[in-house]
Structure formats: structure tokens, C-alpha cells
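# Inside the fold
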Amino acid sequence: MEKILELKNLKKHYPIYGGVFKKEINSVKALDGVDLDIYRGECLGVVGESGCGKTTTSKAIIKLHDPTSGEIIFHPKDHKDSYDIARMKPRHMKKNGLRSKLQMVFQDPTTSMNPRMLVKNIIAEPIIENTNIKGKALEDRVVELLEMVGLTRNHLYRYSHEFSGGQRQRIAVARALATNPEFLVLDEPTSALDVSVQAQILNLMDSLRKKLNLTYMFVTHHLLVVKYISTRIAVMYLGKIVEIAETEKLFENPVHPYTNALLSGIPSTDLDIEKKRIILKGDVPSPLNPPEGCRFHTRCPFAIELCKKKEPVLEDIGNHKVACHRKDEVQELISKKFA
Ligand code: SF4
């Protein structure tokens, strides 16, 4: 499989200043050492509770902020070189034709659209910024993009407020596709939509990924949505990845106690299977002072002394990676404790 992105020990710490001299006294560790390979053509779902680092990771890739340290290696198609974009300046990215290859679709499309602009201009804007296409060719390209997302030429001369939520999200997707990107971050793109419309947008995104050979990072806290659209899933907790596997494997055989707890909250569709809910104690600790050792130990029902002292590393267990000292025993422990 061909890698499109490699995140290496990626960190994002937000400094906290205090005292008379306003010195840095602490930092919020929003991302604290993420290693992740993303493969061309896949849809990688990233899940976890609020504050786990999933949005921080995606925004670092799209260059909405610079990470504190670590690398983001981008392997663009048709380039003989790879680029560490972690600290690359926007003008260098643009000069190398990289900026347009990484795009994002936000949860609420209205915030990314100027209400005084016609749909034609909303979609044309990134094309004008990144290419020399003008006049009739520009309009033809905008129509082509509208048709790709299930809209038509008739929608060119309307304003965004004249559309439904689902149609606005289609316009946002058309705009994101305008520069022929290779990688798209989808940040909760359906969570503001009605359930029936959600399914339409998910199906559209899935077919566009296959048709255009796009790679997605789908960020959400909605497990059934991520199961539906993702080919692989990374589970994050307090700034770290704790488990990553193909979607089917993760749902059929979750290993990390945190993943097991998350999945136990999904109601079973099989009436013969009585699911045991794993209720976690307490709240997610503050990223200002994450716990020593395994960050999950303060809430984990299976924590032992070792977990408080030594941080587990993300280990490969056969196309499936898990960070847990007790990974080989978890299933047995769950069946004993929650039987
Ligand atoms: Fe729980 Fe220990 Fe595994 Fe962390 S390392 S998830 S505390 S059993």
C-alpha cells in the first residue's frame, strides 16, 4: 500500500503563561506524540471523546496550525520528492503546488461560505487562486464540480442561504474538490444534518473517494457513522492513538479497554445478543497534566501498578495496533468482570 502521509511523533502543546513576567508555566498537551501512516485511497476514521486530539491532528495536516514538534511527511502523487510540511510556510506550500492538495470539509458549511457570494463564485474562488482558468472554461469547471456533487447548472446564480443543509454541504464538497485535492479532512461533515440527509452525504463522499482516488481522514465521535464510511479506524485518548485497525477488525475484535468501552455503548441490532455496557469511571483527565504511565489508567477497570508507571507503546499485533500492557488478557478480563 502506498503511503500518502506519515505523522512522526507529532505534538501540539499550547503554552499557558503566568506569574509577574508572564512566563510559560505549563502547556495543554492537545497532541502528545502521534505516529500514524495514512495510505492512499483509504478512509481513515478518527474517533475519541472531545479533547482527545482528533481535530488537532487533522488541523495540523491541513496547516490550520503548526505543530509544536514532529513531522508530517506528505508524498504527493506525481512528485518525485516527499515534503515535511509540519513547519513549511504557506507560500512554500503554494509554490510547490502542495497547499491545494490538502483540503477540509467542515461540520457547518455556512461558516466557510460568504453569504453575499453566489454559489458560482464560492466554488470558483479556489480555482482562480490556484490556476489560470478563466471565462467559459472556469464556468464549465464549476458546473462540472456541481454535477459531481449532485447539483446542476441551475444552482450557479443562487446564494448559499437559498439551499438546504444537505445542499450546502454538497456545495462545500464541490469547493473542496475544486483544486483537485488528494487528501480531504472531513470534520463531522454530517453531524448537523437530518439522519436521512446524513446517509446521502455519506454515500456521496464514499463514491467520490472511489471515483477520484481520494484519501479521507474522517473525524467524528459518532461510531456508527465512522463504521459505515471508514476503511480503517484510529481511536484516540488524551492526545495519543491507543488502537488502530481495519474497521471490521476493530468492531469485531476491539482490544484496548477504552475501545471496548466506546463500542459497548452501541446498541446491538441482534436481539439474541445481550450487550454488556462498560461504564467508565470519572472524566477524561486534563491535558494540562495527563496521568503518568498509561493515560487511561485513572479510568481503566483493568489497571495494574505497571500501568501507573510505564507508558504502553503502540504495538503491532498483526494488522492491528494497540497500546496496552494487558492487551493479551483484555477479552478474558472483560468477560470475567462484565459477565
Ligand atoms: Fe488499562 Fe493498563 Fe491497558 Fe492502560 S495499559 S489500558 S491502564 S490495562
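What counts and how
- Residues numbered from 1 in each chain as written.
- Predicted model: local features only at pLDDT ≥ 70, side-chain atom pairs only at ≥ 80, totals over all residues.
- Heavy atoms only, no water.
- Salt bridge = Lys/Arg side-chain N within 4 Å of Asp/Glu carboxyl O.
- Helix = DSSP H or I, 4+ residues; strand = E, 2+ residues; numbered from the N terminus.
- Buried < 20%, exposed > 50% of the residue type's maximum accessible area, 1.4 Å probe, protein only.
- Axes fitted to C-alpha atoms, helices over the stretch in contact; angles between N-to-C directions.
- Parallel < 35°, antiparallel > 145°, perpendicular 65-115°, else oblique.
- Left-handed = near helix turned anticlockwise from the far one by under 90°.
- Contact = heavy atoms within 4.5 Å.
- Nonpolar A, V, L, I, M, F, W, Y, C, P; charged D, E, K, R; others polar.
- Domains from an automatic or database assignment.
- Buried area = accessible area lost by both parts, 1.4 Å probe.
- Polar contact = N/O pair within 3.5 Å; in protein donor to acceptor, adjacent residues only side chain to side chain.
- Pairing = 2+ DSSP bridges.

Okay, the pattern of salt bridges next. In total, this model carries 22 salt bridges according to the counting rule given. Lys136 is paired through a salt bridge with Asp140; the nearest N and O atoms lie 2.9 Å apart. One end of the pair, Lys136, and the other, Asp140, are both in helix α4 (residues 135–148), four residues apart, so they sit about a helical turn from each other. Classification of Lys136 as exposed rests on a relative accessible area of 61%. When the shortest N-O distance is used, the salt bridge between Asp206 and Lys210 registers 2.9 Å. Within this pair, Asp206 and its partner Lys210 are both found in helix α6 (residues 195–212), separated by four residues, close to a single helical turn. Asp206 sits in the buried class, given a relative accessible area of 18%. Under the relative-accessibility criterion, Lys210 is labelled exposed at 56%. Among the charged side chains, a salt-bridge network with shared partners connects Lys3, Glu6, Lys8 and Asp37.

Right, let's get into the packing of helix α5 (residues 165–177) against α6. One way to put it is that α5 packs onto α6 with a least axis distance of 10 Å and a crossing angle of 20 degrees. Taken together, the axis directions place α5 and α6 in an arrangement best described as roughly parallel. The two elements α5 and α6 cross, and the hand of that crossing is right-handed. Of the residues in α6, those in contact with Gly166, Gln169, Arg170, Val173 and Leu177 of α5 are Val197, Gln200, Ile201, Leu204, Met205, Leu208 and Leu212. Among the residues forming the contact of α5 with α6, the class breakdown is eight nonpolar, three polar and one charged.

This part is about the domain arrangement of the protein. As assigned here, the protein comprises domain 1 (40–63 + 97–252) and domain 2 (254–339). Placing a centre on the C-alpha atoms of domain 1 and another on those of domain 2 gives a separation of 31 Å. In this complex, domain 1 contributes 19 residues to the contact, which on the side of domain 2 involves 24 residues. Carbon and sulfur atoms supply 63% of the area buried between domain 1 and domain 2, which totals about 2,000 Å² over both sides. Sorting the residues of domain 1 by area buried against domain 2 places Tyr237, Leu238 and Glu243 first, and these three jointly supply 35% of that buried surface. At the boundary of domain 1 with domain 2, the tally comes to two salt bridges. Between Lys240 and Glu311 there is a salt bridge, with its nearest N and O atoms 3.1 Å apart. Taken together, the connections running from domain 1 to domain 2 amount to eleven residue pairs in polar contact (both at pLDDT 80 or more). Among the secondary structure elements, those contributing two or more residues to the side of domain 1 that touches domain 2 are α7 (223–229), β9 (232–237), β10 (240–246) and α8 (247–252). Of the residues forming the side of domain 1 that touches domain 2, the biggest block, seven residues, is contributed by β10. A per-class count over the side of domain 1 that touches domain 2 returns twelve nonpolar, one polar and six charged.

Now for the environment of Pro181. You can see Pro181 is positioned in the loop between α5 and β7 (183–187). Pro181 sits in the buried class, given a relative accessible area of 8%. For the pair Pro181 and Glu292, spaced 111 residues apart in sequence, the C-alpha to C-alpha distance is 40 Å. Setting aside chain neighbours within four positions, we find Pro181 in contact with Ser100, Lys101, Gln103, Ala176 and Leu214.

Tracing the chain through its elements places Arg168 in helix α5. A distance of 3.3 Å separates the side chain of Arg168 from the backbone oxygen of Ser160, its partner in a polar contact. Apart from residues no more than four positions distant in its own chain, Arg168 is found in contact with Pro109, Thr110, Met113, Ser160, His161 and Phe163.

We now examine the sheet that holds strand β6 (residues 102–105). Taken in spatial order, the eight strands make up an open sheet running β6-β7-β8-β3-β9-β10-β12-β11, and their pairing is mixed. Two strands bound the open sheet, and with one partner strand each, they are β6 and β11 (315–316). Bridge count for β9 against β10 is six bridges, and the pairing is antiparallel. Opposite Val235, over in β10, you have Glu243 as the bridge partner. Along the sheet face, α5 touches β6 and β7 and points at about 175 degrees away from the line of β6.

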